Amino acid sequence: MPHTVELRGHPASPGVFCGPLVTVDAEQPVTRAGGSPDDERAALKTSIAQAIEELTRLAEQVDEESADIIGFQIAMLEDPELSQPAGDEIDCGTPADIAWKTAVEVQVADYEASDDEYFRARAADLRDLRDRVMRHLTGLGKSRLPGGAVLVGDDVTPTRFLETDWSGGGGIVLTGGSATSHVAMLARSRGVPMVIGVSGCKIAGHREALIDGASGEVTLSPDADALLRFEALSRQAEEAKKTDAEFAAKPARTADGEPVAVMINVASADELDAIDVATCDGIGLMRSEFLFHDGAALPGEDIQFTVYRRLLEWAEGRPVTIRTLDAGGDKPIAGLTVDGEANTFLGVRGIRLSFAREDVFRTQLRALARAAPHGTLKVMWPMITHPDELDRAAAIFDEELASLKAAGIECARPQLGMMVEVPAPAIAPDLFDAAEFFSIGSNDLTQYVAAAARDNVAVMALAEGVRPVIERLVAGLVKYGHARGIEVSICGDLAGDESAVNQLLKAGLRSLSVAPAVLGRIKAAVASVRLEA
Ligand code: PEP
Ligand code: MG
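Fair warning: this is a prediction, and the values are worked out from it, not measured in the lab.

Some points on the overall build of the protein
- Within the protein, the secondary structure is distributed over 18 helices and 17 strands.
- Compactness check: the protein gives a C-alpha radius of gyration of 25 Å against a globular reference of 24 Å for 533 residues, within 12% of the reference.
- Principal-axis analysis of the C-alpha atoms gives the protein an extent of 75 × 65 × 40 Å.
- For the protein, with 533 residues in total, the buried portion stands at 51%.
- Look at the contacts in the protein between residues 6 or more apart in sequence, and 68% of them connect residues 24 or more apart.
- A total accessible area of about 23,400 Å² is found for the protein, and carbon and sulfur atoms account for 53% of it.
- Within the protein, one finds 51 positive and 82 negative side-chain charges whose respective centroids are separated by 4 Å.

As structure tokens, this is what we get:
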């Protein structure tokens, strides 16, 4: 029996799992016997078509978010620019598999060298489609990763994740990876534990591993003590799930009886099908940018109106806060956001982009104004930095409202508020007195206060270190909100961190908006807070 080895990486998706180890990159390279350039070109064309067909079938079986990821790969495969360099190589006598691999690897290297975390994360998609076409070219066909295992590799591709059967559990341990990659996003939404950036991960000789996605700990060949710890963690997780469900069913109150609103953050209306509206106090943040897709046609007024109305109808009168388009930063949208900015987090994002693309902004505002009569809508501006931006956004809204009214179209003016996610309004909220409510975006506020990019693992500790500063800013905002009689809530990830709830409530907050997956856990954390203590 090999010795137990303890490794530590960065958490990317919480949960615990113990099972057999499987190397993701274990496929043996197979080469094809090359034919004439015409034959090789035809073989490449057929293999790409087979890969597209496979992906199209896969996209039909998965949810909307996953289908988008697959759609990105299909679009890449359909783009002649991807296969052109391989075709040129084939014309010079190179067999199709070598030509394809070499050509795509050049592109992978370009993506990996990008300064932008988003593009670096997309390199995994390219490797994924490279391997899929290779499997057809070399006659290996489809390769599935086994479920019920701890997968170990440099990176796992999104479609291999989606083709894996996770119903019997499983986990992912990566030497590379990124917490903002599509795979990490998928792992979190499926509850598959994942740890990234595990250095020194040599698994030869080990058969089994234990992964704790919340702490980032990975144990190879766990001994009896480690297995006991794992069993205890699994029991805790099961019990926590039951307790979470019990708390989710009741309104949140502190131990001394103070009511606290707990709302949810959503990215699409489809997510709501799995959520019982009675478990939450409304939608505290709808990230409307997820309606806009890379390179795709922008969603028109009617499509947006239908989505917004669906959210409002689902909420049955509870408040629904829809944030206007917050693209840019770590959420670039091809064809919409500005290309080539040196520092996207400090660039044309959020409301700045809406002012730069007033046509897109006006379309969204008309859809929102039309949806407003269907429930309790609140519209929120992202990245407000200067008080004038509030006046400008409201003036555009009022113009669109007036034009809808003039055309006899049913519409209404919702409350207009702002995210507090830039230091300026967090430091001097009184200058932003045109806002009808504040919602604290702790994710961006933290990165701007700490000068530490939210997607850079290397400076993650700095962001954690400024927590007391953020709490002080929260207390100041709440005090100002009380004095002015406006609501102050929080919708950044800090609200969904159970270790922060005590301080947030003591700072005076009474409205939290969190990811649906942690709703029960946060209500439980609220119940353990004693404000008088
Ligand atoms: C935030 O910045 O805290 C926030 C809620 O917005 P996003 O995470 O979408 O930037
Ligand atoms: Mg933000």
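Quick notes on the site of ligand 1
- In the vicinity of ligand 1, 15 residues are found, and the nearest of them are Arg287, Arg323, Gly441, Asn443 and Arg454.
- Within the contact set of ligand 1, an oxygen atom lies 2.7 Å away from a side-chain nitrogen or oxygen of Arg287.
- Interatomic distance of 2.8 Å between a side-chain N/O atom of Arg323 and an oxygen atom of ligand 1.
- In isolation ligand 1 exposes 290 Å². Once the protein is present, 99% of that is buried.
- With respect to the pocket detection grid, ligand 1 is positioned in the largest cavity.

Things to note about empty space enclosed by the protein
- Evaluated as defined, the whole model comprises 2 cavities of 30 Å³ or more.
- Estimates place the volume of the largest cavity at around 80 Å³.
- Along the walls of the largest cavity sit 14 residues, with Arg287, Arg323, Met419, Glu421 and Asn443 positioned nearest its centre.
- Secondary structure elements with two or more residues in the lining of the largest cavity: strand S11 (283–287) and helix H14 (442–450).
- With 3 residues, H14 is the single largest residue contributor to the lining of the largest cavity.
- Looking at the lining of the largest cavity residue by residue, the classes come out as 3 nonpolar, 4 polar and 7 charged.
- Volume-wise, the second largest cavity comes out at about 30 Å³.
- Forming the walls of the second largest cavity are Met263, Gly284, Thr321, Lys378, Met380, Phe437, Ser439, Glu487 and Ser489.
- Each residue belonging to the lining of the second largest cavity can be placed in one class, and the counts come to 3 nonpolar, 4 polar and 2 charged.

Observations concerning the coordination of the magnesium ion (ligand 2)
- With distances of 2.0 to 2.1 Å, the protein atoms coordinating the magnesium ion (ligand 2) are Glu421 (OE) and Asp444 (OD). Taken together, the positions of Glu421 in the loop between strand S14 (415–420) and helix H13 (423–427) and Asp444 in helix H14 put the pair 23 residues apart, joining distant regions of the chain. Taken as a pair, Glu421 and Asp444 share a single burial class, namely buried.

Remarks on the sheet that holds strand S8 (residues 217–220)
- Spatial ordering of the open sheet is given by S1-S8-S7-S3-S4-S5-S6-S2, a layout of 8 strands whose pairing is mixed. On the outer flanks of this sheet lie strand S1 (5–8) and strand S2 (10–13), each paired with one strand and no other. Strand-to-strand twist in this sheet, taken as the mean axis angle between neighbours without regard to direction, amounts to 25°.
- Where strand S5 (residues 171–174) meets strand S6 (residues 194–196), 2 bridges bridge the pair, whose relative direction is parallel. Bridging from a neighbouring strand, Ile172 pairs with Met194 of S6.
- The strands touched by helix H8 (residues 224–248) within the sheet are S1, strand S3 (16–23), strand S7 (208–212) and S8, with S3 carrying the most contacts at an inclination of about 125°.

Considering the nonpolar core
- With 88 residues, the main nonpolar core has Ile264, Ile283, Leu311, Trp314, Trp381 and Phe438 as its most contacted residues.
- Setting aside its immediate chain neighbours within four residues, Phe438 contacts Met418, Val420, Pro429, Phe432, Leu477, Tyr480, Ile486, Glu487, Val488 and Ser489.

Some words on helix H1 (residues 37–61)
- Between its first and last C-alpha, H1 extends 37 Å over 25 residues, near the 36 Å set by a 1.5 Å rise per residue.
- Listing the buried residues of H1 in full gives Glu40, Ala43, Leu44, Ser47, Ile48, Ala51, Ile52, Glu54, Leu55, Leu58 and Ala59.

Looking at the pairing of strand S10 (residues 259–266)
- With 6 of its 8 residues buried, S10 lies for the most part within the structure.
- Linking strand S9 (residues 252–253) to S10, which pair antiparallel, is a turn of 5 residues; within it Gly257 sits at a positive phi near 85°.
- Alignment of S10 against strand S17 (residues 511–514), held across 4 bridges, turns out to be parallel. Note that in S17 the partner of Ala261 across the bridge is Ser511.

Remarks on the pattern of salt bridges
- With the rule as written, the count across this model stands at 31 salt bridges.
- The shortest N-O distance in the salt bridge between Arg362 and Glu400 comes to 2.7 Å. With Arg362 in helix H11 (residues 358–371) and Glu400 in helix H12 (residues 387–406), this pair connects stretches of sequence that are 38 residues apart.
- Overall, Glu400 belongs to the buried group, its relative accessible area being 9%.
- Each of Glu301, Asp302, Glu358, Arg362, Arg366, Arg370, Glu399 and Glu400 takes part in one network of salt bridges that share partners.

With respect to the packing of helix H9 (residues 301–315) against H11
- Relative to each other, H9 and H11 sit at 40°, their axes nearing to 8 Å. Considering the angle they form, H9 stands oblique to H11. Where H9 crosses over H11, the two elements pack in a sense that is right-handed. The segment H9 lies against H11, with Glu301, Asp302, Gln304, Phe305, Tyr308, Arg309 and Leu312 engaging Thr363, Gln364, Arg366, Ala367, Leu368, Arg370 and Ala371.
- The residue makeup of the contact of H9 with H11, split by class, is 6 nonpolar, 3 polar and 5 charged.

Notes on the domain arrangement of the protein
- Taken as a whole, the protein is organised into domain 1 (5–24 + 145–239), domain 2 (37–138) and domain 3 (249–527).
- Here the C-alpha centroids of domain 1 and domain 3 sit 32 Å apart.

Rules used throughout
- Residues numbered from 1 in each chain as written.
- Chains lettered and ligands numbered in written order.
- Predicted model: local features only at pLDDT ≥ 70, side-chain atom pairs only at ≥ 80, totals over all residues.
- Heavy atoms only, no water.
- Helix = DSSP H or I, 4+ residues; strand = E, 2+ residues; numbered from the N terminus.
- Rg over C-alpha atoms; globule rule 2.2 N^0.38 Å.
- Buried < 20%, exposed > 50% of the residue type's maximum accessible area, 1.4 Å probe, protein only.
- Contact = heavy atoms within 4.5 Å.
- Areas by Shrake-Rupley, 256 points an atom, 1.4 Å probe, with all protein chains shown as cover.
- Lys, Arg positive; Asp, Glu negative; His and termini not counted.
- Charge placed at Lys NZ, Arg CZ, Asp CG, Glu CD.
- Near = heavy atom within 4 Å.
- Polar contact = N/O pair within 3.5 Å; in protein donor to acceptor, adjacent residues only side chain to side chain.
- 1 Å grid on protein atoms, 1.4 Å probe; cavity = no way out; pocket = protein on both sides within 12 Å on 5 of 7 lines; lining within 4 Å.
- Sits in = over half its atoms within 2 Å of the grid points.
- Points joined across faces, edges and corners; volume = space filled by probe spheres on them.
- Nonpolar A, V, L, I, M, F, W, Y, C, P; charged D, E, K, R; others polar.
- Donors = N, O, S within 2.8 Å, 3.2 Å for Na, K, Ca; no water.
- Pairing = 2+ DSSP bridges.
- Axes fitted to C-alpha atoms, helices over the stretch in contact; angles between N-to-C directions.
- Core = buried A, V, L, I, M, F, W, Y, C linked by side-chain atoms within 4.5 Å.
- Expected span 1.5 Å × (residues − 1).
- Salt bridge = Lys/Arg side-chain N within 4 Å of Asp/Glu carboxyl O.
- Parallel < 35°, antiparallel > 145°, perpendicular 65-115°, else oblique.
- Left-handed = near helix turned anticlockwise from the far one by under 90°.
- Domains from an automatic or database assignment.

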